[in-house]
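# A closer look at the structure
The chain contents come next:
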Amino acid sequence: MSSLAAAKAPASRAASRSPAAGLSPGKVEDRSAELAAAQDTQSRPVDLSRVIKLLEGSDSIDLEKEQLKALKKVVKHFGTGLPLKDLAQVMDILNLCAEKVNEQAAFTDPLVQLIKLCGLPFLQKKFSDEMSYSETASKCIAQLGYLMRVPSSQVRIEICKCVVHFYDMEPPRKLQSGYQPTSANYKIKMAELGGLAETLVLSLALVENQLLEKLWVLKALQHLSSSGVNCSLMLKAQAASRLCLYLGDADPSGQLLFRSSDILWSLLENTSKEEVVHQLNNLECIHTLKEVFVELLLHGFRRSDRQLRNDLLVLASLLAANPAAPMLESGFAKLLVVLATFTEVKIPNPLLKGLKLTNSPEDFEMKKLLFNVIGVLSKNPCAAQLLSDNDVMPALLCYVKPNQKPGFHDWSAAQYEELQLHAMAVLASVAPLLVEKYLSCQANTLLLLFLEWCMGQDAFSGQGNSFHARGGRGSKLAQMRYSLRVLRSVVSLYHGAVSLSLCDQGAISQLLDVLKYAADKSKEQEDAILLEIQADLLFLLSALCESDLHRKELFSPEGVDLLISFLQMDPKKIHSGLGHNRLLFTALDCLWSCVLGCSIAEDSFLQGQGIGLLLDLLALKQKNLCNVILGILVEFCDNPKTTSHISTWRGEKEQTAASLLLELWRQEELELGVRRDQWGRIVDMKQPMAGSFQKQQEVIPLPANCPSFAIMETSENTRAKLYCLFCKLEKVVPVFQDVALRSLYGAVSAALIHVLSGFEDLPVVSARDSVTLAIIQHYLDFKVAEVWSELCEELKEEFKLVRSDEEALKVISEGSEDLGRMVAALQTEVLENQHHQEIQEEERTYARIKAAHKQREMVTKSWESFLARTSNYEALKKMKRLQEKSIEAPRLKSKPQTEAAHSARKGLGTTVSNPQ
């Protein structure tokens, strides 16, 4: 009875909601009976195996009716959804129906109804069913794609609708007893696992001539393309090229173009752009893109048309970035270049006749995209002639002028500023490609005038509304930044005519003024934009002055003072991330290019204590800085005034320049893995200078014009520069003539001076430094020995040596080893002598400590005696007696003789005795 009540209640509610509620009582009862019968049918189990066997039976009219009746019963039974456990058999039934549709049209409707069931949520009894039946579910959904082979428009459309329902699925109103729907995204995951997207892309070939079916397939693919996995599957089926070819197909509704372009965008966002571009990289696709773009450009009046036009323009930009794409051959590139410049330069083109751009956001966006296309094409050398013929250079130079109000060509002031900065950014890419055109348009003059305006005090203030205007709000820094970028791009070519044109117009003086202006601004508030501007200015000055003495003289002294201020940078800022490191390196490069080689500039730099600043930076011991600074110091030492500045420099803890250089040598050898003992002596006599990496290299026979590894190694570390610097500093201070140092080194000093011939005047005061200096002295000899060693190995591999040559090579090898042993022996002698001196110094120090301790004890005893005399009366009396005794003692020794003489004298002078 309870089951009966449960069955009747839904029937009555369904009847109350149905249109039959207004029917007569008899008809209502009939309708209720039908619903009850349907529910009863749904609740009764269906033998799917029997249905499959029935469908596999031979064809006959009676059997066909039975088959259709069985299919109808299956559809009714699973009206609320397909259980996961029955999916495999249901898909077998679907396949059997699909085979019969070709010959028996009556099976079309049951097939469609079964496909509809696949659009409903799958049903599960346990939560673990999703995982347990995942393979079956994925194959089931994949099978839907394979059913696109059925030549029925109704079936194909229903399959696409089923896929769309995956993404907007509603929970079922009724459920079979004991079942729950699967999770909302379960079918989406199974579609990815089953590769449905790839199958649907391939099915596009079946519906090419059926617009409605094609639109439904595209709609399904549009939903599937929201997943990166599906997009990868679609690319595997060449989806990009297939969809691009459909863009130009006739479609009054416009959905074909919209859906195809939307899927292409999804492919770009979710997969490799390179692969998408590769699939579009053919003449047929580019022609289609061009035709659709022109159609939208000339006849697209709706906002959505203009947005779609811009989307296609982005695709064209990506294609233009690929040099292999036939953009030039198709004429698409020329069309885009002409369109980009048609408002700035008047080039007659019948295609663009009557075309007008407005200041709408879509047209403004298209203008920027067209500028971007020019920048992309500038990276292709084959496009240089195209850019030159269509006056791209004059068009871009139209924006190198002060901002005007109202805007240029009806652009607003903010829009014009953004286009101006974008045009200058593109000009920096185009100018090196069109140098002759650049010069003929007097671009240098325009840029220098524009820089002068950037330093002016007029009321203009930047809006800062775009990527290119970053950091320029309320100022002209963005305009200055991109002007310098353009100059940097052409000056970096080292084209004589460009440099001459700039210098003839006083560019060096003007650039120094701009550099001073930027440096002053940077003192108020440092930011990345100002640091970039200063670095670009220093690079420009370096490139202009590098090989011209007169220009270096123009650079000094104002430029030297600015360089000195940059070298005084706080070392903590170098790694701040704002760009101080780049500014410092460009300052060092400018020092090398604009100061070295000009005596006036060098003297000005020396007077400003520049050498001391370089040594301060060198004392930071940062490898990237050391290499550059050592090169500069080596060149500066050609000036005889430099050595005195180096000798007087003192770092932390009164460190000398020689000591700093020796530390750098030891640090370099430590990084190279050169074998030294704990005191710095040579260990490997055969290869005393070789690092661990060098020793691992095998000797390979090379042509005579190819340097060997031993030679190449000199350019990969700073030891060669340190050696050159020591050679130039050999007469800084005559240290070894000092008597105190002679006592430190003793008899070894003469032998060491003999070994360090040429280095005897260096200010070296420690044995460790002397040990290192002995190695540096023979750096060149050791490198020559390495080259001979490589030569011997090559000869042994290539030839069989005669006895005389073998003996000669042996003598050379033994000579280099003997040199290593001699240097090592002298290093040992220096260290032993230092150890002996340290022992003697330790003994002298101990004697001084002992004497001081004894003196302290005597002072302590004296103080204790004084305290006793002043605080103890008995002790004071005792001390008094001792004092009197010490006074009387010398008197008692002379008293007998004195009394006798006195008595004689007394007796002679009296006649009576003393009454006493």
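Here the structure is a predicted model, which is why all the values come from computation and not from measurement.

Each helix and strand in the protein was counted, giving 47 helices and two strands. Relative to its full complement of 916 residues, the protein shows a buried share of 46%. Sequence-distant contacts in the protein: of pairs separated by 6 or more residues, those separated by 24 or more amount to 75%. Roughly 47200 Å² of accessible area belongs to the protein as shown, and the carbon and sulfur atoms make up 55% of that amount.

Before going further, it helps to examine the pattern of salt bridges. The final tally for this structure, using the stated rule, is 37 salt bridges. Notably, a salt bridge pairs D86 with K85, separated by 3.3 Å at the nearest N-O pair. With a relative accessible area of 44%, K85 lands in the partly exposed category. One salt bridge connects E362 with R303, and the closest N-O pair in it is separated by 2.8 Å. Taken as a pair, E362 in helix α21 (residues 361–377) and R303 in helix α18 (residues 303–320) lie far apart in primary sequence, 59 residues in all.

What follows deals with the nonpolar core. Grouped together as the largest cluster of nonpolar side chains are 243 residues, with contacts concentrated most on L267, M327, F555, F605, L614 and L618. Considering each element in turn, this core owes the most residues, eleven residues, to helix α30 (residues 528–545). If sequence neighbours within four positions are ignored, F555 has contacts with I508, L512, L541, C545, V560, L563, C590, C594 and V595.

This part takes up the confidence of the model for the protein. Fine structural detail should not be taken from predicted coordinates in areas where pLDDT scores are low. The predicted model of the protein has a mean per-residue pLDDT of 83, with 87% of residues at 70 or higher. Within the model, pLDDT remains below 50 along residues 731–758, and this stretch shows 49 contacts once partners closer than five positions in the same chain are excluded. Every residue in residues 898–916 is under pLDDT 50, and counting partners more than four places away or in other chains gives one contact.

Further remarks concern a negative patch on the surface. A cluster of acidic residues, E698, E793, E797 and E798, forms a negative patch on the protein surface. Mapped onto the fold, E793 is located in helix α45 (residues 779–798). Assessed through its relative accessible area of 35%, E793 is described here as partly exposed.

This paragraph deals with the packing of helix α26 (residues 443–454) against helix α29 (residues 507–524). The N-to-C vectors of α26 and α29 enclose an angle of 30°; their axes lie 11 Å apart at closest approach. Classified by the interaxial angle, the pair formed by α26 and α29 is roughly parallel. When you trace α26 past α29, the crossing you get is left-handed. Counted together, L448, L451, E452 and C454 of α26 and A507, Q510, L511 and Y517 of α29 form the full contact between these two elements. In terms of residue class, the contact of α26 with α29 is made up of six nonpolar, one polar and one charged.

On the secondary structure map, L615 appears in helix α35 (residues 610–618). Sequence spacing of L615 and L630 is 15 residues, and the spatial spacing of their C-alpha atoms is 9.2 Å. In this structure, L615 is in contact with L633, I646, W649, A657 and L660, ignoring residues within four places of it in sequence.

Attention now moves to empty space enclosed by the protein. On inspection of all chains with the given rule, the structure shows one cavity of 30 Å³ or more. Taken as a whole, the largest cavity spans an internal volume of roughly 70 Å³. At the level of secondary structure, the elements contributing two or more residues to the lining of the largest cavity comprise α36 (623–636) and α38 (657–672). For the lining of the largest cavity, the element with the most residues is α38, which contributes four residues. Per-class residue counts for the lining of the largest cavity are two nonpolar, two polar and three charged.

Moving on to the side chain of S604. Within the secondary structure, S604 sits in helix α34 (residues 599–607). Filtering out sequence-adjacent residues up to four positions away, S604 remains in contact with S556, P557 and V560.

Our next topic: a positive patch on the surface. Taken together, the side chains of K877, K878, R881 and K885 define a basic patch exposed on the protein surface. Among the structural elements, K885 can be located in helix α47 (residues 873–908).

By secondary structure assignment, the location of E817 is in helix α46 (residues 803–871). Apart from the residues within four sequence positions on either side, E817 is in contact with M685 and K686.

Following both chains from N to C, one finds α35 and α36 inclined at 150°, their axes separated by 10 Å at the closest point. By the angle class used here, α35 and α36 are roughly antiparallel. Between α35 and α36 the crossing geometry is left-handed. Contacts from I611, L614, L615, L617 and L618 of α35 reach α36 at C626, I629, L630, I632, L633 and F636. Looking at the contact of α35 with α36, its residues break down into eleven nonpolar, no polar and no charged.

Before going further, it helps to examine a nonpolar patch on the surface. On the surface, a nonpolar cluster with roughly 330 Å² of combined accessible area is contributed by L780, V784, W788 and L791. Of note, W788 is situated in helix α45.

Below, the discussion takes up the environment of L511. Relative to the assigned elements, L511 resides in helix α29. Given a relative accessible area of 2%, L511 falls into the buried group. It is 6.5 Å that separates the C-alpha atoms of L511 and L537, two residues lying 26 residues apart in sequence. Contacts of L511, omitting those with residues within four sequence positions, involve L451, L484, L537, L540, L541 and L544.

Take the packing of aromatic side chains next. This model, assessed by the stated rule, comprises ten aromatic pairs. Ring plane angle 40° and centroid distance 5.4 Å describe the contact between Y723 and Y779, whose orientation is recorded as tilted. On the criterion of sequence distance, the pair formed by Y723 in helix α41 (residues 719–728) and Y779 in helix α45 is long-range, its members being 56 residues apart. Using a relative accessible area of 3% as the deciding quantity, one classes Y779 as buried. Here the basic side chain of K187 rests over the ring of F122, its NZ or CZ set 4.3 Å away from the ring centre.

This part covers unusual backbone geometry. Cis geometry is found at the peptide bond from S556 to P557, where omega equals 0°. Assignment of secondary structure puts P557 in the loop between α31 (549–555) and α32 (558–567). At D391, a position not held by glycine, the phi torsion is positive, near 55°. Position of D391 relative to the elements: it lies in the loop between α22 (384–389) and α23 (392–397).

Further remarks concern helix α27 (residues 477–491). Look at α27: 21 Å from first C-alpha to last across 15 residues, which is about the 21 Å you get at 1.5 Å a residue. Of all 15 residues in α27, 13 are buried, a share of seventy percent or more.

For Y723, a relative accessible area of 15% puts it in the buried group. When the C-alpha atoms of Y723 and L780 are compared, they prove to be 8.4 Å apart, with 57 residues separating the residues in sequence.

Thresholds, definitions, all that
- Residues numbered from 1 in each chain as written.
- Predicted model: local features only at pLDDT ≥ 70, side-chain atom pairs only at ≥ 80, totals over all residues.
- Heavy atoms only, no water.
- Helix = DSSP H or I, 4+ residues; strand = E, 2+ residues; numbered from the N terminus.
- Buried < 20%, exposed > 50% of the residue type's maximum accessible area, 1.4 Å probe, protein only.
- Contact = heavy atoms within 4.5 Å.
- Areas by Shrake-Rupley, 256 points an atom, 1.4 Å probe, with all protein chains shown as cover.
- Salt bridge = Lys/Arg side-chain N within 4 Å of Asp/Glu carboxyl O.
- Core = buried A, V, L, I, M, F, W, Y, C linked by side-chain atoms within 4.5 Å.
- pLDDT = per-residue confidence, 0-100.
- Patch = residues over 30% accessible without salt bridge, like charges linked within 9 Å, V, L, I, M, F, W, Y side chains within 5 Å.
- Lys, Arg positive; Asp, Glu negative; His and termini not counted.
- Charge placed at Lys NZ, Arg CZ, Asp CG, Glu CD.
- Axes fitted to C-alpha atoms, helices over the stretch in contact; angles between N-to-C directions.
- Parallel < 35°, antiparallel > 145°, perpendicular 65-115°, else oblique.
- Left-handed = near helix turned anticlockwise from the far one by under 90°.
- Nonpolar A, V, L, I, M, F, W, Y, C, P; charged D, E, K, R; others polar.
- 1 Å grid on protein atoms, 1.4 Å probe; cavity = no way out; pocket = protein on both sides within 12 Å on 5 of 7 lines; lining within 4 Å.
- Points joined across faces, edges and corners; volume = space filled by probe spheres on them.
- Phe/Tyr/Trp six-rings, centres within 6.5 Å; stacked < 30°, edge-to-face > 60°.
- Lys NZ or Arg CZ within 6 Å of the ring centre and 35° of its normal.
- Expected span 1.5 Å × (residues − 1).

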